[in-house]
Amino acid sequence: MLLTADAVHTGRELLRPGWIDVSGAVVAALGTGVPPRAADRALGPVTVVPGFVDTHFHGGGGANFTAADAAETSAAVGTHAMHGTTTAVASLVTAGPDELLRQVTGLAADVRAGVVAGIHLEGPWISAARCGAHDPALMRDPDPAEIERLLSAGDGTIRMVTIAPERDGVMTAIAQLVDAGVVVAVGHTEATYDQTRAAIDAGATVGTHLFNAMRPIHHREPGPIVALLEDPRVTVEIIDDGVHVHPALYRQVSRSAGPDRVSLITDAMAAAGMSDGPYTLGALTVDVVDAVARIAGTDTIAGSTATMDRVFRFAVENSGLSRDEAIAQAVRQASINPARALGLPVDGLVAGAPADLVVLDAELAVAGVLRRGEWVVEPA
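Report on the accompanying structure. (Residues numbered from 1 in each chain as written. Predicted model: local features only at pLDDT ≥ 70, side-chain atom pairs only at ≥ 80, totals over all residues. Heavy atoms only, no water.)

## Comments concerning the overall build of the chain
What counts, and what does not: We count a stretch as a helix when DSSP gives it H or I for four or more residues in a row; a strand needs E for two or more, and each element gets its number in order from the N terminus. We call a residue buried when its accessible area falls under 20% of the maximum for its residue type, exposed when it is over 50%, and partly exposed in between, using a 1.4 Å probe and counting protein chains only. Note on contacts: a residue pair qualifies if any of its non-hydrogen atoms lie within 4.5 Å across the two residues. Note on areas: Shrake-Rupley, 1.4 Å probe, and residue coverage restricted to the protein chains presented here. Asp and Glu are treated as the negative residues and Lys and Arg as the positive ones, with His and the ends of the chain left uncounted. Charge positions come from single atoms, namely NZ of Lys, CZ of Arg, CG of Asp or CD of Glu.
From N to C terminus, the chain includes nine helices and 23 strands. Seen along its three principal axes, the alpha-carbon backbone of the chain occupies a region of about 60 × 45 × 40 Å. The buried share of the chain, reckoned over its 380 residues, is 56%. Within the chain, contacts between residues at least 6 apart in sequence are counted, and of these 68% link residues at least 24 apart. Carbon and sulfur atoms form 53% of the exposed surface of the chain, whose accessible area is close to 13,800 Å². Treating the 26 positive side-chain charges of the chain as one cloud and the 45 negative ones as another, the clouds have centres 4 Å apart.

## A word on the packing of aromatic side chains
Note the threshold: Two rings from Phe, Tyr or Trp (for Trp, the six-membered ring) form a pair when their centres sit within 6.5 Å of each other. Planes less than 30 degrees apart are called stacked, planes more than 60 degrees apart edge-to-face, and all others tilted.
One pass over the full model with this rule turns up two aromatic pairs. Between Phe-52 and Phe-312, the ring centres sit 5.1 Å apart and the planes meet at 35 degrees, which makes this aromatic pair tilted. A residue pair is termed long-range when its members are at least 10 positions apart, and Phe-52 in strand S8 (residues 52–57) and Phe-312 in helix H8 (residues 308–317) qualify at 260 residues.

## Notes on the sheet that holds strand S21 (residues 357–360)
The criterion, for reference: DSSP bridges decide pairing: two strands pair if at least two such bridges lie between them.
A sheet is described by the order of its strands in space; here six strands give the open sequence S3-S2-S7-S21-S22-S23, paired in mixed fashion. With one partner strand each, in any of the chains shown, strand S3 (14–15) and strand S23 (374–377) form the two edges of the open sheet. The pairing of strand S22 (residues 366–371) with S23 spans three bridges and is classified as antiparallel. Counted as the bridge partner of Leu-370 is Trp-375 from S23.

## Here we look at the sheet that holds strand S1 (residues 2–5)
Sheet architecture is open: four strands sit in the order S5-S4-S1-S6, paired in mixed fashion. Each edge of the open sheet is held by one strand with a lone partner, namely strand S5 (26–32) and strand S6 (41–42). The pairing of strand S4 (residues 18–23) with S5 spans six bridges and is classified as antiparallel. Bridge pairing in S5 places Asp-21 opposite Ala-29.

## Quick notes on the layout of surface pockets
Quick reminder of the rule: The method works on a 1 Å grid over the protein atoms by themselves. A cavity is a set of points holding a 1.4 Å probe that cannot get out, a pocket is an open set with protein on both sides within 12 Å along at least five of seven lines, and residues with an atom within 4 Å of a point line them. Grid points are joined across faces, edges and corners, and a volume is the space filled by probe spheres set on the points. Each residue is assigned to one class: nonpolar for Ala, Val, Leu, Ile, Met, Phe, Trp, Tyr, Cys and Pro, charged for Asp, Glu, Lys and Arg, and polar for all the others, Gly among them.
Taken as a whole, the largest pocket spans an internal volume of roughly 260 Å³. In terms of lining residues, the largest pocket is bounded by 20 residues, among which Gly-132, Ala-133, His-188, Ala-213 and Ile-301 are the most central. Classifying every residue of the lining of the largest pocket by side-chain character gives eight nonpolar, nine polar and three charged. Of the volumes computed, that of the second largest pocket is approximately 170 Å³. What lines the second largest pocket is a set of 15 residues, among which Thr-87, Val-116, Ala-117, Arg-371 and Arg-372 lie closest to the centre. Along the lines of polarity and charge, the residues of the lining of the second largest pocket split into 10 nonpolar, three polar and two charged.

## Let's talk about the environment of Val-116
Inspection of the secondary structure assignment puts Val-116 in the loop between helix H2 (97–112) and strand S12 (119–122). The class of Val-116 is buried, set by a relative accessible area of 4%. Sequence-wise, Val-116 and Ser-74 are 42 residues apart; in three dimensions their C-alpha atoms are separated by 8.6 Å. Those residues in contact with Val-116 that lie beyond four places of it in its chain are Phe-65, Thr-73, Val-77, Ala-88, Ala-90, Asp-110 and Val-111.

Below, the structure is given as structure tokens:
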């Protein structure tokens, strides 16, 4: 199947006009100008970008990954696929030891089936002082035996673990996780600058949703935010949905961290793609009002209702760059960087890569989604 479009952002260059030759589930070739043969589908005045890679979300379409049920996992992933997410990592909130083990065991089967690309444990080894939408009663210090049980149950499917550097036993845990090939992230933390630096030196390479559920910057104690931002070994997540961070912070982080160290995420929960109303996130009840999720009866934000097309569009519109520069930056942040940070086999639109792409109209709304060579959303 040969596709043509007015613009193709590959993650490395802009092809205007561009063509992509898809063979089965992979990109066979691509280029600019006159294609090698007549197009099977001329997409016209659209922008084609690599499929989005969301490495941090908890559900969607009314479904939660905590159910660890194949039907719920497929429903959540399917909802986000309609909005351009072609590679998904399932995030789990804090839970008790037995329940977490059950969830990892169930989701591991979904990873092996190719429904999701891995598991992210956002807790339980995080700070009660920065618990966000996690149950502080279930948070605990990392225990090597529990970590080993989870790693064994996951059997290579656990991609990332978020951890608070100030908890007892964290440095041993980081070493254990890194030795097992797991990416360690710093988040939900009250850590000092020095504690965060120590975690990075021990092997942590991601900052979980920078600014949110994290000790803020102080001029005499910079805390984790500055430590994460200034280290070139670290990729920082941003929930760029217009709710979690101010647009000025998104611009500042993009400039400070550079083109290769920012990952756009949704941190979406079950309400993504759904209407306002009551939902759950782990064991907590969440109320969604005007598309903003909060723990019931509080002002605490509980994840998001965003999809990746929304955060991509918000990033472009608030980048302060020209449109082409903004799209190129957002492509790296929504596809290339998150995949690289977690070691996923996704590298934009290049020959030999999975045939994952998103077709965007003039307003950057999704007009088509191709995943592994099959249309999830077929262009009109």
